[in-house]
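The chain contents come next:
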Amino acid sequence: MSDGPVRRAGRGGRERVLAAASILFATRGITATTMEDVAARAPVSKRTLYAHFPTKEDLVLAQLDYLLSSGYTLLETLTRTDVPPRDRILAMFDIQPWPDGVVRGCPFIDAAVEHPDPAGRVHAFARKQKLVMLALVTDLVDELGIDAPGPLAEQLVILADGAASRAMVLNDPDYGRHARAAAETLLDHAPRRPDRATKGRGLRRE
């Protein structure tokens, strides 16, 4: 924070709050971060903060949506049309640490863990994004001509979520290589539809 006067209200306040919440929720956890912490980090007045986000739950939901719209999640990678389907699938296992060198977990899993009620709004939002992820991977697997893409997609997203969680716990950004190797084996040996068998093999990365 600079030593000069701080502009607390007006244009950009909401965006500053969301950016601050994203950093604090990832580094401290949602429960351990207070609304006052977010206001100080943004910085905005508490009046401005509560004008945009009447409750902390409102802020958490908006922050998760902010991550989606900013392209900071795997969903951004999975929807890229300039990358081949197989490469998009395997990109799920490329784990990037934060600028401080620390590996952070999946924000949707983190949010669901801290809001464990399945009927709650935050948990429901996190669940929806995980189902969107599964649908995207299922479509990519189908593009590879693999027979019965649904079960394989389930296996791949389980590998991706597991790798992300263990990489966070171990603080090892290279940990995804293990799940990637398993994913490559699954993709290489999955039965393909007769009309796509040759084309599917041709998509393999060497």
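Residues numbered from 1 in each chain as written. Predicted model: local features only at pLDDT ≥ 70, side-chain atom pairs only at ≥ 80, totals over all residues. Heavy atoms only, no water.

Asker: What am I meant to see in the packing of aromatic side chains here?
Answerer: In this description, a pair of aromatic rings is defined by centroid distance and the angle of the planes. With the rule as written, the count across this model stands at one aromatic pair. When the ring of Phe108 is compared with that of Phe125, the centres are 6.5 Å apart and the planes differ by 45 degrees; the resulting orientation is tilted. Of this pair, Phe108 sits in helix α7 (residues 107–114) while Phe125 sits in helix α8 (residues 121–143), and the two are 17 residues apart along the sequence. Judged by relative accessible area, Phe108 falls into the buried class, the value being 5%. Arg104 extends its terminal NZ or CZ atom over the ring of Trp98, reaching a point 5.3 Å from the ring centre. (Phe/Tyr/Trp six-rings, centres within 6.5 Å; stacked < 30°, edge-to-face > 60°. Helix = DSSP H or I, 4+ residues; strand = E, 2+ residues; numbered from the N terminus. Buried < 20%, exposed > 50% of the residue type's maximum accessible area, 1.4 Å probe, protein only. Lys NZ or Arg CZ within 6 Å of the ring centre and 35° of its normal.)

Asker: Would you mind going over the pattern of salt bridges with me for this structure?
Answerer: A side chain with one charge can pair with a side chain of the opposite charge if their charged atoms come near. What the rule picks out here adds up to eleven salt bridges. Close ionic contact of Asp58 with Arg121 constitutes a salt bridge, the shortest N to O distance being 2.8 Å. In this pair, Asp58 is assigned in helix α4 (residues 56–70) and Arg121 in helix α8, connecting sequence segments 63 residues apart. You can call Arg121 partly exposed: its relative accessible area is 41%. Taking the shortest distance from any N to any O, the salt bridge between Arg80 and Asp82 comes out at 2.7 Å. Note on Arg80: relative accessible area 39%, which makes it partly exposed. A cluster of three or more residues bridged by salt bridges with shared partners is formed by Glu57, Asp58 and Arg121. (Salt bridge = Lys/Arg side-chain N within 4 Å of Asp/Glu carboxyl O.)

Asker: What's the story with the layout of surface pockets in this structure? I'm lost.
Answerer: Any empty space left between atoms is shown by rolling a water-sized probe over those atoms. Here the largest pocket is characterised by a volume of approximately 1100 Å³. Along its surface, the largest pocket is lined by 38 residues, and Tyr72, Thr73, Trp98, Gly105 and Pro107 are the ones closest to its centre. Going through the elements one at a time, α1 (13–28), α4, α5 (74–78), α7, α8 and α9 (149–170) are the ones with two or more residues in the lining of the largest pocket. Here the lining of the largest pocket is composed, by residue class, of 23 nonpolar, nine polar and six charged. (1 Å grid on protein atoms, 1.4 Å probe; cavity = no way out; pocket = protein on both sides within 12 Å on 5 of 7 lines; lining within 4 Å. Points joined across faces, edges and corners; volume = space filled by probe spheres on them. Nonpolar A, V, L, I, M, F, W, Y, C, P; charged D, E, K, R; others polar.)

Asker: Please explain unusual backbone geometry as it appears in this structure.
Answerer: Note: most residues except glycine have negative phi, and most peptide bonds are trans. Along the chain, Ala42 connects to Pro43 via a cis peptide bond; the corresponding omega equals -15 degrees. When you line up the elements, Pro43 lands in the loop between α2 (35–41) and α3 (46–52). Backbone geometry at Ala148 places phi at a positive 50 degrees, although glycine is not the residue there. Classification of Ala148 by relative accessible area gives partly exposed; the value is 45%. Of note, the phi angle at Asn171 is positive, near 50 degrees, even though the residue is not glycine. By relative accessible area, Asn171 is classed as partly exposed at 38%.

Asker: Hey, could you run me through the side chain of Arg104 in this one?
Answerer: Structurally, Arg104 can be placed in the loop between α6 (85–90) and α7. For Arg104, the side chain forms a polar contact with the side chain of Asp100, separated by 2.6 Å. Non-local contacts of Arg104, meaning those with residues more than four positions away in its chain, are made with Ala26, Thr27, Trp98 and Met168. (Polar contact = N/O pair within 3.5 Å; in protein donor to acceptor, adjacent residues only side chain to side chain. Contact = heavy atoms within 4.5 Å.)

Asker: Looking at this structure, I do not really get the packing of α4 against α7. What am I missing?
Answerer: Helices that pack against each other are described as a pair by the angle of their axes relative to one another and the distance between those axes. Packing of α4 against α7 brings their axes to within 11 Å, and their N-to-C directions diverge by 170 degrees. Relative to α7, the element α4 is oriented roughly antiparallel. Contacts between α4 and α7 involve Leu64, Leu67 and Leu68 on the former and, on the latter, Pro107, Phe108 and Ala111. Class assignment of the residues belonging to the contact of α4 with α7 gives a composition of six nonpolar, no polar and no charged. (Axes fitted to C-alpha atoms, helices over the stretch in contact; angles between N-to-C directions. Parallel < 35°, antiparallel > 145°, perpendicular 65-115°, else oblique.)

Asker: For this particular structure, what's the right way to read the confidence of the model for the chain?
Answerer: This prediction gives the chain a mean pLDDT of 89; 89% of its residues lie at or above 70. Across residues 1–10 the pLDDT falls below 50, and counting only partners more than four positions away or on other chains, this stretch makes twelve contacts in the model. The model gives residues 198–206 a pLDDT under 50, and that stretch makes ten contacts with residues more than four places away or in other chains. (pLDDT = per-residue confidence, 0-100.)

Asker: Hey, could you run me through the side chain of Arg88 in this one?
Answerer: One can find Arg88 in helix α6. Notably, Arg88 is buried but unbridged: the nearest opposite-charge side chain belongs to Glu143, and the N-O separation is 4.5 Å. Within the structure, the side chain of Arg88 is placed 3.2 Å from the backbone oxygen of Leu78, a separation counted as a polar contact. If sequence neighbours within four positions are ignored, Arg88 has contacts with Thr77, Leu78, Thr79, Arg80, Val83, Leu140 and Glu143. (Lys, Arg positive; Asp, Glu negative; His and termini not counted.)

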